Amino acid sequence: MNFVADQFLAIVLLINIVILGTRRIDIAIRAISIQGIFIGLVPILMHNFSYHLLAMTLLVLAVKAIFIPWLLLRATRKVHFTEDVRPLFGYSGNIIACALTTVLAFAIATHLPLTTAHQGLLIVPVSLATILAGAINLGTRRKAIDQVVGYLLLENGIFLFGLLLTETMPLMVEAGALLDLIAGIFVMGIIINHINREFSSIDTSHMTALREPE
Amino acid sequence: MLPVTLLILLPLLGAITALLIPSNQKRPWVLPVVACLHLALSFIAVCYSTESSTNDWIHLDAIGKVFLLEFSLLFCACSFYAIDYLQYRHERDNRVLCSGMLVCLSAMSLTVVAHHLGLLWLAIETTTLTMAPMVYFNHNARSIEATWKYMLICSVGIALALLGILFLAYSTVVAGLEPSLILEELQGYASRLPKVWLNAAFIFMLVGYGTKMGLAPMHTWKPDAYGEAPGIVGAMMAGGLANCGFLGLIRIYQICMHSGDVRFFHYVLTGMGLFSIAVAALFLVRQTDFKRMLAYSSVEHMGLFTLALGLGGKALFGAMLHIIANGLGKGVMFLISGNIHRAFASKNMELAQGTMKRAPWSGALFLLGFFGLTGSPPFATFASEFSIFSGALEQGHLLIAITLAILLSVAFLGMSFTVLPVVFGDPPAKRQRTKYKDTILLIAPSMTLLILLAIIGIWLPSPLLDILNSATALLEVPK
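Criteria and cut-off values
- Residues numbered from 1 in each chain as written.
- Chains lettered and ligands numbered in written order.
- Predicted model: local features only at pLDDT ≥ 70, side-chain atom pairs only at ≥ 80, totals over all residues.
- Helix = DSSP H or I, 4+ residues; strand = E, 2+ residues; numbered from the N terminus.
- Rg over C-alpha atoms; globule rule 2.2 N^0.38 Å.
- Buried ≥ 20, exposed ≤ 12 C-beta atoms within 10 Å, placed from the backbone.
- Contact = placed C-beta atoms within 7 Å.
- Expected span 1.5 Å × (residues − 1).
- Bend = angle between axes of the 7 residues up to and from the residue.
- Axes fitted to C-alpha atoms, helices over the stretch in contact; angles between N-to-C directions.
- Parallel < 35°, antiparallel > 145°, perpendicular 65-115°, else oblique.
- Left-handed = near helix turned anticlockwise from the far one by under 90°.
- Nonpolar A, V, L, I, M, F, W, Y, C, P; charged D, E, K, R; others polar.
- pLDDT = per-residue confidence, 0-100.

Novice: Help me out: how do you make sense of the overall build of chain B in this one?
Specialist: Counting its regular elements, chain B contains 19 helices and 0 strands. Here chain B has a C-alpha radius of gyration of 21 Å; the compact-globule value for 479 residues is 23 Å, and the two agree. Along the first, second and third principal axes, the C-alpha atoms of chain B reach 70 × 55 × 45 Å. Within chain B, the proportion of its 479 residues that are buried is 62%. Considering only residue pairs separated by 6 or more positions, chain B has 82% of its internal contacts joining residues 24 or more positions apart.

Here it is as structure tokens:
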């Protein structure tokens, strides 16, 4: 089954590039939702079936693939994105950066000591690559909602790494990771709504009131 | 065990009570009631909980005691201040603020007793989330911007800290040990963990918790959040939340110190600490907004903590003492800066000048608090900063000691250029006078903190000295 899991992880990598390269926020949100599905299905492919695993998979799918994308899409419908804000180095710049960091992630992953069960799996490099993609998105995009997508990419990468520990880590830490995601996005969503009311758009580059004087 | 559980549950009960009270006037009284009980419980817990060597998820060790005493005292002062402050801000609904502060107190209590790294992470994460609506208390465009930066940067930071914890957990799996995230067990494992994973875990947790502490270069949210939040929230963030982040760093440090070769960790911490102090010192010069000034001062002090961990030896005692000293000093300054902000309806030194003439008590306390915060004798910050300084000399790091002395002087001078006009200048004639008046509840809490700061600086009570010594012993590299 690890063969299928690896295919899924390759798709996760491709979705990273889609998200970094797209200029439309609704596409980015749908892409992160699809990425959530593939990531959510990986644990059930890797491990032997158990009800605990099934419950976790369903929960992850519900949160990552449905609830949070729905919340974000709702936020975008309330806000009209008229202007197009280019990322710091342009869209192609983002894609190139994503490709480079993916190569870097694979290079790093080959040097990390892994348990024999995990050797040859794509989990570690894909997780690192997704974390780096999230970091790029956070660093270069200026719209508040784009930054939330970047944060979700980062969380997806971290969740992937956590899969190495599903059998050994206490349940509480997993639950904590998910709870954090819900709560974080929830609060962020509320704030986005307020941002919308106070500013005409949610471009954070308009947020310049708080700066050090020249 | 019982007082420890109560420390967490009592503020939660208080938070529910605060949510249920309909009156905006009466609600703030929940804060001092809970705070006094919490302080009493803290003293009981500190005195009667014996040092246990058990591998429980939750127990109070000497380091936890230092943190618990510090923020319980600070919260108590803030809670009395809150009554008159919220009276003054009666136009704002204070339901979220009152219950949020109490949830935060509960989460902070959990932070100091958690010995399971996952649980610790969860508690620190909770403190971050509960503070967000409070930064947003003023509901204007500036506070939205501040809250947004705070939420985004701190969420990323705390996510990276989680990644660090996962690395650490995985390293135990790779080493073929019984997987665990309990501090004492990990200390026992430390020498057998693969170096790559341990170092990576350390770096990610340093960056993650460092973001929460506000170490440079992850400090960018700090001036905005501290500047826009009400003074009472600023006090809790600088003296409570930032310290919780530091506690997270201390826990991973404790594990790393058992790993054999510790030079890597010391280098990284020393560099990071000095860099933060340097950045803060630069921004403290010519800072016109006194709340932002306090934020940079917090960056400076977080840098000092980190540097002290990096130096080891005598500096560790300084760091432990400085937790209390810095918490008390920050409490004085933030609460009083709230008063000055109200008195002049501005936190910019061009408009807020001459507090001595407008509100003499606040002016005097702001000046004394400034000396208390920057490490002038007789205040406790002098003793703690001097310990860190002599720690550097004792380890033979002459260059670090000189740099530290220069940077601290720059920070002191920079702050004085802001503080002195605010205290002694002439109040602008044209501005309309606000209704603000110094009242007992707006002055007495900070005055108490300041007196405590001076007392600890002159004479350390022996029970406190014992706690500080055993906390320092927990941080040292085992022989």
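Novice: Could you clarify how one ought to interpret the overall build of chain A in this entry?
Specialist: Along its length, chain A carries 7 helices and 0 strands. Mapped in sequence order, the helices and strands of chain A form the string α-α-α-α-α-α-α. Here chain A holds 214 residues, and 43% of them are scored as buried. In chain A, the proportion of contacts linking residues at least 24 apart, taken out of those at least 6 apart, comes to 73%.

Novice: What is the right way to read helix 13 (residues 314-344) of chain B from this model?
Specialist: An α-helical segment advances 3.6 residues per turn. Residues three or four places apart therefore align on the same side. All names here are of chain B. With 31 residues, helix 13 should cover 45 Å at 1.5 Å per step; its first-to-last C-alpha distance of 44 Å lies within 8% of that length. Its maximal kink placed at His322, helix 13 deviates by approximately 30°. The element helix 13 is extensively covered by neighbouring structure, given that 29 of its 31 residues are classed as buried. In the segment just after helix 13, Ala345 is the residue with positive phi, at about 55°.

Novice: What is the right way to read the packing of helix 11 (residues 263-284) of chain B against helix 12 (residues 290-311) of chain B from this model?
Specialist: A pair of packed helices is characterised by two quantities: the angle between their axes and the separation of those axes. Residue and element names in this part refer to chain B. Close contact between helix 11 and helix 12 brings their axes to 7 Å; oriented N to C, the two are set at 160°. Overall, the two elements helix 11 and helix 12 adopt an arrangement that is roughly antiparallel. Our pair here, helix 11 against helix 12, has a crossing hand that is left-handed. Of the residues assigned to the contact of helix 11 with helix 12, the class counts are 17 nonpolar, 8 polar and 1 charged.

Novice: I keep staring at unusual backbone geometry and nothing clicks. Help me out?
Specialist: What you tend to see is this: most non-glycine residues have negative phi, and most peptide bonds are trans. All names here are of chain B. A cis geometry characterises the amide bond from Ala216 onward to Pro217, with omega recorded as 0°. Here Pro217 is to be found in the loop between helix 8 (195-213) and helix 9 (221-228). Between Pro377 and Pro378 the backbone carries a cis peptide bond, its omega angle lying at 10°. With respect to the helices and strands, the residue Pro378 is situated in the loop between helix 15 (360-373) and helix 16 (380-394). A positive phi angle, close to 50°, is found at His139, a residue other than glycine. Considering the arrangement of structural elements, one finds His139 in the loop between helix 5 (117-135) and helix 6 (141-174). At Arg286, a residue that is not glycine, the phi angle is positive and equals roughly 60°.

Novice: Is there a simple way to explain the confidence of the model for chain B in this structure?
Specialist: Low pLDDT means the predicted atomic positions in that stretch should not be read closely. Across chain B, the average pLDDT comes to 91, with 99% of residues at 70 or higher. Across the whole predicted complex the pTM is 0.92, and at the interface the ipTM reaches 0.89.

Novice: Before we go on, may I ask you to explain the packing of helix 11 of chain B against helix 17 (residues 398-424) of chain B in this structure?
Specialist: Residues and elements named next belong to chain B. Helix 17 packs onto helix 11 with a crossing angle of 25° between their chain directions and a minimal axis gap of 8 Å. Comparing their axes, helix 17 and helix 11 come out roughly parallel. Here the hand of the crossing between helix 11 and helix 17 comes out left-handed. Here helix 11 contributes Thr270, Leu274, Ile277, Ala278, Ala280, Ala281 and Leu284 to the contact with helix 17, which in turn contributes Ile400, Thr403, Leu407, Val410, Ala411, Gly414 and Met415. Residue composition of the contact of helix 11 with helix 17, by class: 11 nonpolar, 3 polar and no charged.

Novice: Even after reading the chapter, I still don't get the environment of Val126(A), so can you show me in this structure?
Specialist: Residues and elements named next belong to chain A. If you trace the backbone, Val126 turns up in helix 5 (residues 123-140). Along the sequence, Val126 and Leu160 sit 34 residues apart, while their C-alpha atoms lie 8.0 Å from each other. In contact with Val126, other than residues within four places in its own chain, are Leu9, Val12, Leu13 and Leu160.

Novice: I'm lost on the environment of Leu53(A) in this one. Help?
Specialist: With respect to the secondary-structure elements, Leu53(A) resides in helix 3 (residues 51-78). On a C-alpha basis, the gap between Leu53(A) and Thr166(A) in space is 8.7 Å, while along the polypeptide they are 113 residues apart.

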